[in-house]
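Tertiary structure, described
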Amino acid sequence: AQSVTQLDSQVPVFEEAPVELRCNYSSSVSVYLFWYVQYPNQGLQLLLKYLSGSTLVKGINGFEAEFNKSQTSFHLRKPSVHISDTAEYFCAVRVKTSYDKVIFGPGTSLSVIP
Amino acid sequence: NAGVTQTPKFQVLKTGQSMTLQCAQDMNHNSMYWYRQDPGMGLRLIYYSASEGTTDKGEVPNGYNVSRLNKREFSLRLESAAPSQTSVYFCASSLGLANEKLFFGSGTQLSVL
């Protein structure tokens, strides 16, 4: 079975500071990796995804993530955050051979402080 | 282009009442999903439908039933609501391939008293 761990439930950070949101996963088979963002009172939307190739993936709104196979991690980063980045961030995995399930982590609440 | 539409947006039920949450997508997606979101637990899969005519249990199916009415619509039914089912419910859809993203509805906030 697959599982996703997000080590930080809440991350406060000052505006224009860098941020890293951590994600680790476990799976006995190959997976695709995703980061989704949820703004207040909205559904989730995709930030970025890792399918194959370069381990550094760039997404929307200046976010990027790095896939590390040996550490089974997929950490999300942004060099300079903005107030509008305040949201809940979810890491997710999907088994490559399965067309069905997406497993989500518990989420990290990012609060950007002016 | 509406995407994924969920109704209702808010609902309050008494314990033991029944209700159906509706979900429709207009993107010709094959797969549809129902998740519940609870604080500190992320999104947990209730049921999913990999394609029209099929449904399967997710992580937390107890107390729920689903119907994939056609390719567009996927409903979630609570036959006898319990306070433990108080949650925010999200419907999602995707083309179905493993490398495709999910498209989410805006959610239904359900309170069971």
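What comes next is a walk through the structure.

Calculation notes
Residues take numbers from 1 onward in each chain, read along the sequence in its written order. Each chain is given a letter, starting from A, and each ligand a number, starting from 1, according to the order in which they appear as written. Per-residue local features are limited, in this predicted model, to residues with pLDDT of at least 70; the limit for side-chain atom pairs, both in listing and counting, is 80 or more; totals at the level of whole chains, interfaces and linings are taken over all residues. For the side-chain quantities, the full set of heavy atoms in the structure was used; hydrogens and water were omitted. Take a side-chain nitrogen of Lys or Arg and a carboxyl oxygen of Asp or Glu: if they are within 4 Å of each other, that pair is a salt bridge. Each residue is placed in one exposure class: buried if its accessible area under a 1.4 Å probe, protein chains only, is under 20% of its type's maximum, exposed if it is over 50%, and partly exposed if it falls in between. Helix and strand definitions follow DSSP, with helices as H or I runs of at least four residues and strands as E runs of at least two, each counted in order from the N terminus. Contacts are assigned to residue pairs with any non-hydrogen atoms lying within 4.5 Å of each other. Two cysteine sulfur atoms make up a disulfide if the distance between them is within 2.5 Å. Here, a strand pair is defined by DSSP locating no fewer than two bridges between the strands. Helix axes are fitted to C-alpha atoms over the stretch in contact, other axes to C-alpha atoms as well, and angles between N-to-C directions run from 0 to 180 degrees. The term buried area denotes the loss of accessible surface (1.4 Å probe radius) that occurs when two parts are joined, taken as the sum for both partners. Distance and chemistry together define a polar contact, namely a pair of N or O atoms within 3.5 Å, with one atom able to donate a hydrogen and the other to accept it when in protein, and with adjacent residues in sequence counting only for side-chain atoms on both sides.

Below, the discussion takes up the pattern of salt bridges. Scanning the model with the defined rule gives eight salt bridges over all chains in all. Where B:R36 meets B:D38, a salt bridge forms, and the shortest distance between an N and an O atom there is 2.9 Å. For the pair B:R36 and B:D38, a shared accessibility class is recorded, and that class is buried. The partner of B:R44 in a salt bridge is B:D38, with the nearest N and O atoms 2.8 Å apart. Considered together, B:R44 and B:D38 belong to a single accessibility category, that of buried residues. Each member of the salt-bridge network shares a partner with another, and the members are A:E20, A:E66 and A:R77.

Our focus in this paragraph is the side chain of A:D85. Residues and elements named next belong to chain A. Here D85 shows up in the loop between strand 9 (73–78) and strand 10 (87–95). Judged by its relative accessible area of 3%, D85 falls in the buried class. In contact with D85, not counting residues within four places along its chain, are F63, K78, L110 and V112.

Linking two cysteines covalently via their sulfur atoms produces the bond known as a disulfide. Counted by the stated rule, this structure contains two disulfides over all chains. There is a disulfide in this structure between A:C23 and A:C91, and the S-S distance comes to 2.0 Å. Measuring the twist about the S-S bond at about -65 degrees, one finds the A:C23-A:C91 disulfide to be left-handed. Placement of the pair is A:C23 in the loop between strand 3 (19–21) and strand 4 (24–26) and A:C91 in strand 10, with a sequence separation of 68 residues. The buried category is assigned to A:C91, whose relative accessible area is 0%. For B:C23, the disulfide goes to B:C91, at an S-S distance of 1.9 Å.

So, about unusual backbone geometry. Across the junction of B:T7 and B:P8, the peptide omega takes the value -5 degrees, indicating a cis bond. Summarising the element assignment, B:P8 is placed in the loop between strand 1 (4–7) and strand 2 (10–13). The backbone phi angle of A:T72 is positive, close to 45 degrees, even though this residue is not glycine. In this fold, A:T72 is placed in the loop between strand 8 (64–68) and strand 9.

All names here are of chain B. One open sheet holds the four strands; their spatial order is 1-3-8-7, and the pairing between them is antiparallel. The two strands at the open ends of the sheet, each matched to only one other strand, are strand 1 and strand 7 (64–68). Neighbour to neighbour, the strand axes of the sheet diverge by 15 degrees on average, direction disregarded. Sheet topology note: the strand 7/strand 8 (residues 74–78) ladder contains five bridges and is antiparallel. Within strand 8, the position partnered with V66 by the bridge is L76.

Turning to the interface of chain A and chain B, a few remarks are in order. Frequently, the measure chosen for interface size is the accessible area that the parts lose on association. In this assembly, 23 residues from chain A lie in contact with 24 residues from chain B. Taken together, both faces of the contact between chain A and chain B bury some 1800 Å²; the carbon and sulfur share is 58%. There are zero salt bridges connecting chain A and chain B. For the pair chain A and chain B, the interface holds six residue pairs in polar contact (both at pLDDT 80 or more). Within the residue set of the side of chain A that touches chain B, elements represented by two or more residues are strand 5 (31–38), strand 6 (44–50), strand 10 and strand 11 (103–104) of chain A.

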